[in-house]
Amino acid sequence: MNKIESSFLNKNQFGEDFLWGVSTAAFQIEGAHDSDGKGSSIWDVFTSQKGKIKNGHHALTACDFYNCYQDDIELIKELNIPNFRFSISWPRIMPTGVHPVNQAGIDYYNKIIDALIASGIEPWITLYHWDLPHALEIKGGWTNRESVSWFKEYVEVCVQHFGDRVKNWMVINEPSVFTGAGYFLGIHAPGKKGITNYLKAMHHVTLATTAGAKIIRNRIPEANIGTTFSCTHIEPATESQKDAEAAKRVDTLLNRTFIEPILGLGYPQKDLPVLKKLNNYILEDDLNNLDFDFDFIGLQCYTREVVKYSLLTPYIGAELVSAEKRNVISTDMGWEVYPPALYHILKKFNDYDGIRKIIITENGAAFPDIVTNGKVYDIKRTHFIQDNLEQILKAKKEGLNVEGYFVWSLTDNFEWAEGYNARFGLIHVDFETQKRTIKNSGLWFKDFLS
């Protein structure tokens, strides 16, 4: 008997109120890049540049969720998934990033929200999942302090049009990833590089996170408001003091820099001295405006990283020892398969006093999937989900705060710089024909949730 049949897990072990869901993002699934008045986003521009995306892939059509949303919502229902997390495309709502509003964009998301509710599925909206309007990037994007005002204007519009039916809101998705990859390393949109761009973007995004949350709270007092952070369990490569200190700096950068200011703790400048440069951009009232009492924090954890000291890496003095170099089992993203990472991350974030509720808002794995006789036997992904759920159960049994789990992702999709090469979905997508095939992992999850 294989593990899929014999898994001891059942959803009742997690408690009646535990939230089960699946996550997606607008740019990765919608396609329809210029339909019905949608403006261009930084990712539309970035993907059109040569050499930026593996195999020259683009997201002009992606999974065509823009036109297939009704069918995909049927599939969510078929899989017994009660909560659906999706993001709103800012340039679809406001093509230039600010007023005027594109009514066709509003109408589209109203149709999705209404279809979800009609199917008995709870909508969870992410307001910003990386697709900044290109018109704002021309003005500096997140490096421009005005980005906080632009974002507030956009949030007002979304809350005004969707707040009567949507109770669950996530303000910003994984700020450390899109600021680090997009404004420091230049490997994600908008492709900017340098410490100055990164620090400005970091501070403005953090200000925007709490500013957006305050607007939701103001407009919908009973709303369930959160924001999400990518987290990685960090371990030193050896027991040497240099490696331990390097690991601490990387942990500070990846896991602490964005959450601590919103908890009222300020930026962790002592443990990562380069963050002192932020003081050049912090204005008089900023520190008072950085914190907000979120109803929940979304954590997104996929793997662990092993870190060693490196004299050659500026600002951080550390480098990652890849899964390949360590000869450990890894996914198509090159990420080590290490389920205990999720447990360690939950333990770490439970140490913060200011967090009311933790939800795992993304977790999943990319493996090569092939359709054989109309079926996808993705045993590795099923095991990955089961093993991670076991870690959550372990955390819950120890009394740690964790109250939900959302799989990344519903369907295979456009995986940013990886293009269509990395498949994360519970549902396989043939990107030529848009045919959907529920994978074994999706069927297992369906049974588990029933």
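As shown above, the structure is provided for reference.
Predicted model only: the values in this text are computed from it and were never measured. (Residues numbered from 1 in each chain as written. Predicted model: local features only at pLDDT ≥ 70, side-chain atom pairs only at ≥ 80, totals over all residues. Heavy atoms only, no water.)

A few points about the pattern of salt bridges
A complete count under the given rule lists 28 salt bridges for this structure. The partner of Arg381 in a salt bridge is Asp369, and the shortest N-O contact between them spans 3.0 Å. Residue Arg381 is found in helix 15 (residues 379-397), and its partner Asp369 is found in the loop between strand 8 (358-362) and helix 15; the two are separated by 12 residues along the sequence. Both residues of the pair, Arg381 and Asp369, belong to the buried class. Where Asp412 meets Lys439, a salt bridge forms, and the shortest distance between an N and an O atom there is 2.7 Å. Here Lys439 lies in the loop between strand 11 (435-438) and helix 16 (440-449) and Asp412 lies in the loop between strand 9 (404-408) and strand 10 (427-430), a separation of 27 residues in the sequence. (Salt bridge = Lys/Arg side-chain N within 4 Å of Asp/Glu carboxyl O. Helix = DSSP H or I, 4+ residues; strand = E, 2+ residues; numbered from the N terminus. Buried < 20%, exposed > 50% of the residue type's maximum accessible area, 1.4 Å probe, protein only.)

Quick look at the packing of helix 15 against helix 16
Across the interface, helix 15 lies against helix 16 with an axial gap of 7 Å and an inter-helix angle of 40°. Here helix 15 contributes Ile379, Arg381, Thr382, Ile385, Gln386 and Leu389 to the contact with helix 16, which in turn contributes Asn440, Ser441, Trp444 and Phe448. When grouped by side-chain class, the residues that make up the contact of helix 15 with helix 16 number five nonpolar, four polar and one charged. (Axes fitted to C-alpha atoms, helices over the stretch in contact; angles between N-to-C directions. Contact = heavy atoms within 4.5 Å. Nonpolar A, V, L, I, M, F, W, Y, C, P; charged D, E, K, R; others polar.)

Things to note about the state of the cysteines
The tally for this structure, following the rule as stated, stands at zero disulfides. Its sulfur unpaired, Cys231 is 6.6 Å from the next cysteine sulfur, which belongs to Cys301. Among the residues examined, Cys301 registers a relative accessible area of 1% and is labelled buried. (Disulfide = S-S within 2.5 Å.)

Some details on helix 10 (residues 195-219)
If you check helix 10, its first and last C-alpha atoms are 36 Å apart, about what 25 residues at 1.5 Å a residue would give, namely 36 Å. The buried fraction of helix 10 amounts to 18 of the 25 residues, a majority that puts the element mostly inside the structure. (Expected span 1.5 Å × (residues − 1).)

Things to note about the nonpolar core
If you look at the biggest cluster of nonpolar residues, it comprises 136 residues, and the most contacted ones within it are Trp142, Phe151, Phe162 and Trp169. Top contributing element to this core by residue count: helix 10, with 12 residues. Those residues in contact with Phe162 that sit more than four places away from it in its chain are Ile88, Ile93, Ile106, Tyr109, Asn110, Ile113, Ile125 and Trp169. (Core = buried A, V, L, I, M, F, W, Y, C linked by side-chain atoms within 4.5 Å.)

Things to note about the packing of aromatic side chains
One pass over the structure, following the stated rule, counts 41 aromatic pairs. A centroid spacing of 6.1 Å and a plane angle of 65° characterise the contact between Phe184 and Tyr315, whose relative ring orientation is edge-to-face. Of the two residues, Phe184 is situated in the loop between helix 9 (175-183) and helix 10 and Tyr315 in the loop between strand 6 (296-309) and strand 7 (318-321); the sequence distance between them amounts to 131 residues. Overall, the relative accessible area of 27% leaves Phe184 in the partly exposed class. Classification of Tyr315 as partly exposed rests on a relative accessible area of 42%. When the centroid spacing of 6.2 Å and the interplanar angle of 10° are considered together, the rings of Phe445 and Phe448 count as stacked. (Phe/Tyr/Trp six-rings, centres within 6.5 Å; stacked < 30°, edge-to-face > 60°.)

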